[in-house]
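Listed below, chain by chain, are the residues.
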Amino acid sequence: MGACFSNRITAVSPSITGFTSRSVSRSGHDISSNSSNSSASISVTSRSEGEILQSSNLKSFSYSELRAATRNFCPDSVLGEGGFGYVFKGWIDEHSLAATKPGIDMIVAVKRLNQEGFQGHKEWLAEINYLGQLHHSNLVKLIGYFFEDEHRLLVYEFMPKGSMENHLFRRGSYYQPFSWSLRLKIALEAARCLAFLHSTEPKVIYCDFKTSNILLDIVCT
């Protein structure tokens, strides 16, 4: 999907938006798809960094909270790796959003910026700017963030069924094949999300629409 620019349209990179298929799913987040850096650029608004963070309806986590939630970023908690960096499974309290012990309360996906990766602070900030303010039933929910010194982290809802790509190509015995009717339902829900993004102000054009970036929670047959 190409990138288009005007004074009314903002093109966004693969890291900024995730899709869910809520007609075949209900709650959670798995950001394990290996999205790579694209040639699309990101136009961040002229507001200062502080204003963007303050205006977002997101929780500002502490580093110690996210370290506890992911068991000190344990390798066993890694869900995947993309252009942004590693994604870890974590646990937080559903109501207070405080870190909890593994296996207790709500699962989240914690993206940790790799300083040597394809993406950096600008992409991290843009993701907060957009996902922190855009809300749709088929758009992955951004819960919070952390920013201090060289550390940049983002916290998302967890999508336990992985990406549509994994199901289509049976990447592991865990992933089950989809019927054609189910594939059509998922495609329609993803299209609804694209229509929502294109109708927002400012308009957002998603630049990396593909099956690895369509994330699923509870898949129904």
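The structure we're discussing is the one just above.
Conventions and cut-offs
Residues numbered from 1 in each chain as written. Predicted model: local features only at pLDDT ≥ 70, side-chain atom pairs only at ≥ 80, totals over all residues. Heavy atoms only, no water. Helix = DSSP H or I, 4+ residues; strand = E, 2+ residues; numbered from the N terminus. Buried < 20%, exposed > 50% of the residue type's maximum accessible area, 1.4 Å probe, protein only. Areas by Shrake-Rupley, 256 points an atom, 1.4 Å probe, with all protein chains shown as cover. Salt bridge = Lys/Arg side-chain N within 4 Å of Asp/Glu carboxyl O. Pairing = 2+ DSSP bridges. Expected span 1.5 Å × (residues − 1). Arc of directions from axis to C-beta. Phe/Tyr/Trp six-rings, centres within 6.5 Å; stacked < 30°, edge-to-face > 60°.

1. With respect to the overall build of the protein
Argument step 1. Assigned secondary structure in the protein consists of five helices and 10 strands.
Argument step 2. Residue burial in the protein is summarised as follows: out of 221 residues, 49% are buried.
Argument step 3. For the protein, the computed accessible surface area is about 10500 Å², with 51% contributed by carbon and sulfur atoms.

2. So, the pattern of salt bridges
Argument step 1. Evaluation of the coordinates by the stated rule reveals four salt bridges.
Argument step 2. Here Glu127 and Lys111 are joined by a salt bridge, their closest N and O atoms 3.2 Å apart. Of this pair, Glu127 sits in helix α3 (residues 121–131) while Lys111 is found in strand β6 (residues 106–113), placing the two residues 16 residues apart along the sequence.
Argument step 3. Its relative accessible area of 0% is what places Glu127 among the buried residues.

3. Focus on the pairing of strand β4 (residues 78–81)
Argument step 1. For β4 and strand β5 (residues 85–92), the ladder comprises three bridges, and the chain directions are antiparallel. Across the sheet, residue Val78 finds its bridge partner in β5, namely Phe88.
Argument step 2. Connecting β4 to the next strand, β5, in antiparallel fashion are three residues.

4. Looking at the sheet that holds strand β3 (residues 59–60)
Argument step 1. Pairing in this open sheet of six strands is mixed, and the strands run β3-β7-β8-β6-β5-β4 from one edge to the other. Edge positions in the open sheet fall to β3 and β4, since each of these has one partner strand only.
Argument step 2. Two elements, β3 and strand β7 (residues 142–148), share two bridges in a ladder whose sense is parallel. Across the sheet, the residue bridging to Lys59 is Gly144, located in β7.

5. Brief notes about unusual backbone geometry
Argument step 1. The backbone of Asn72 shows a phi angle near 60°, a positive value even though the residue is not glycine.
Argument step 2. Tracing the backbone shows Asn72 in the loop between α2 (63–69) and β4.
Argument step 3. A relative accessible area of 53% means that Asn72 is categorised as exposed.
Argument step 4. Although it is not a glycine, Leu97 sits at a positive phi angle of roughly 65°.
Argument step 5. Structurally, Leu97 can be placed in the loop between β5 and β6.

6. Observations regarding helix α5 (residues 180–199)
Argument step 1. Its 20 residues place the ends of α5 29 Å apart at the C-alpha level, agreeing with the 28 Å of an ideal helix rising 1.5 Å per residue.
Argument step 2. Among the residues of α5, those classed as buried are Leu182, Ile186, Glu189, Ala190, Cys193, Leu194, Phe196 and Leu197. Down the axis of α5, the buried set is contained in an arc of 160°. They therefore lie on one face. Along α5, exposed side chains directed more than 90 degrees from the buried face belong to Trp180, Leu184 and Ser199.

7. Re the environment of Glu94
Argument step 1. Of note, Glu94 is situated in the loop between β5 and β6.
Argument step 2. For the pair formed by Glu94 and Met106, sequence separation is 12 residues and the distance between their alpha carbons is 5.5 Å.

8. A look at the environment of Leu79
Argument step 1. Position of Leu79 among the secondary structure elements: in strand β4.
Argument step 2. Along the chain, Leu79 and Gly162 lie 83 residues apart, while their C-alpha atoms are 9.5 Å from each other.

9. Section: the pairing of β5
Argument step 1. Most of β5 sits out of view: six of its eight residues are buried.
Argument step 2. In terms of strand pairing, β5 meets β6 through eight bridges, oriented antiparallel. Residue Trp91 lies in a different strand from β6, and its bridge partner there is Ile107.

10. Description of the packing of aromatic side chains
Argument step 1. Under the criterion given, the structure shown has six aromatic pairs.
Argument step 2. Judged by centre distance (5.7 Å) and plane angle (35°), the rings of Tyr63 and Phe73 are tilted. Taken as a pair, Tyr63 in helix α2 and Phe73 in the loop between α2 and β4 lie far apart in primary sequence, 10 residues in all. With respect to class, Tyr63 is no different from Phe73; both count as buried.
Argument step 3. Judged by centre distance (5.5 Å) and plane angle (45°), the rings of Tyr63 and Phe146 are tilted. With Tyr63 in helix α2 and Phe146 in strand β7, the pair connects residues that are 83 residues apart, well separated along the chain.

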